[in-house]
Amino acid sequence: MPERLTRSSLTDELRSQFNLEKGLLKTAVDLTVRPATMLLSYLDGTERSKYVGVVAYFLLSISVTLGLDAALGVDDEFVEYQKSESGGLEGTNITDEEYWAFEETINRHTHYVIYLYVPIAALVTWGFFRFWGLSYLENFVINAFVIAHLEIIGVPLFLTVLLLPIELAVDVNGVLSFIILITYLCYVYFLLSQNYRQAYPIRNITRSVAVSTFQLITLVAVSVLAIVAVYVGYGVWRNLTG
């Protein structure tokens, strides 16, 4: 007999889709405490069954971060504060209203840029850490886990920042995001490098810091290029349409 949809049945359906009952906590903990061991055991298949799959974890991260942003409407508050602190694009044919519409769109889609950066991040680690002996696909899986986990561990910190006054929260959020990104990338890259080349810890630290910094610069560059492309494209469209 058909059953009416309930919260329990919906939860069961989500669990079956994401397979979250199998190793979600272990995946999150191991990615935080011993990421290299977790990632390598997932890649070689020795303990893969104990963890949530990379696709499921990645989709869970997207659902959590984007859902939280939409539910709290924090981006709107940040934009409103930025409006009170600065102007639009003076000397251009783009009005203040259009400028802040763009700013709001950019803030809301920041996470998309980060998630879409995975293929580039994989290319960077594949190129700089050839001694890992991993394929591009394996580097892709590593970076998908890493970026998804970065977004997930940023959630409780972000919620804590929201307790601060808005003028302080904007700056603190940016600084914390930078620190967490650089620190975690260095941590993961160093531990993975030590697994393959234990005799050179100083060299591994130096390379990990350099590659993490390069990843951050590349991510910022990609984001800026995307923003510029949107502004230029919109300007061209306005000129063509009169």
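Structure shown above.
Criteria and thresholds
- Residues numbered from 1 in each chain as written.
- Predicted model: local features only at pLDDT ≥ 70, side-chain atom pairs only at ≥ 80, totals over all residues.
- Heavy atoms only, no water.
- Buried < 20%, exposed > 50% of the residue type's maximum accessible area, 1.4 Å probe, protein only.
- Helix = DSSP H or I, 4+ residues; strand = E, 2+ residues; numbered from the N terminus.
- Arc of directions from axis to C-beta.
- Phe/Tyr/Trp six-rings, centres within 6.5 Å; stacked < 30°, edge-to-face > 60°.
- Lys NZ or Arg CZ within 6 Å of the ring centre and 35° of its normal.
- Contact = heavy atoms within 4.5 Å.
- Salt bridge = Lys/Arg side-chain N within 4 Å of Asp/Glu carboxyl O.

Draft legend 1. A look at helix α8 (residues 118-128). Within the sequence span of α8, burial applies to V118, A121, A122, V124 and T125. One side of α8 carries all its buried residues, which in axial view fall inside an arc of 160 degrees.

Draft legend 2. Region of the structure containing the packing of aromatic side chains. Scanning the entire structure with this criterion turns up nine aromatic pairs. When the centroid spacing of 5.2 Å and the interplanar angle of 75 degrees are considered together, the rings of F58 and Y115 count as edge-to-face. Pair noted here: F58 is in helix α4 (residues 54-72) and Y115 is in helix α7 (residues 110-116), with a separation of 57 residues, a long-range link. Each of the two residues, F58 as well as Y115, counts as buried. Members of the aromatic cluster, joined through ring pairs, are F129, F131, W132 and Y189. In this arrangement the basic side chain of R48 is found over the ring face of Y42, its NZ or CZ atom lying 5.4 Å from the centre.

Draft legend 3. Inspection of the side chain of T218 at higher detail. Among the structural elements, T218 can be located in helix α11 (residues 201-241). Overall, the relative accessible area of 16% leaves T218 in the buried class. Ignoring sequence-local partners within four residues, the contact set of T218 consists of Y117 and I120.

Draft legend 4. The arrangement of the pattern of salt bridges in detail. On inspection of all chains with the given rule, the structure shows two salt bridges. The residue D30 makes a salt bridge to K26 at a minimum N-O spacing of 3.2 Å. Of this pair, D30 and K26 both sit in helix α2 (residues 24-33), separated by four residues, roughly a single helical turn. With its nearest N and O atoms 3.1 Å apart, the salt bridge here joins D30 to R34. Look at R34 and you get partly exposed, because its relative accessible area is 30%. Overlapping salt bridges bring together K26, D30 and R34 as one network.

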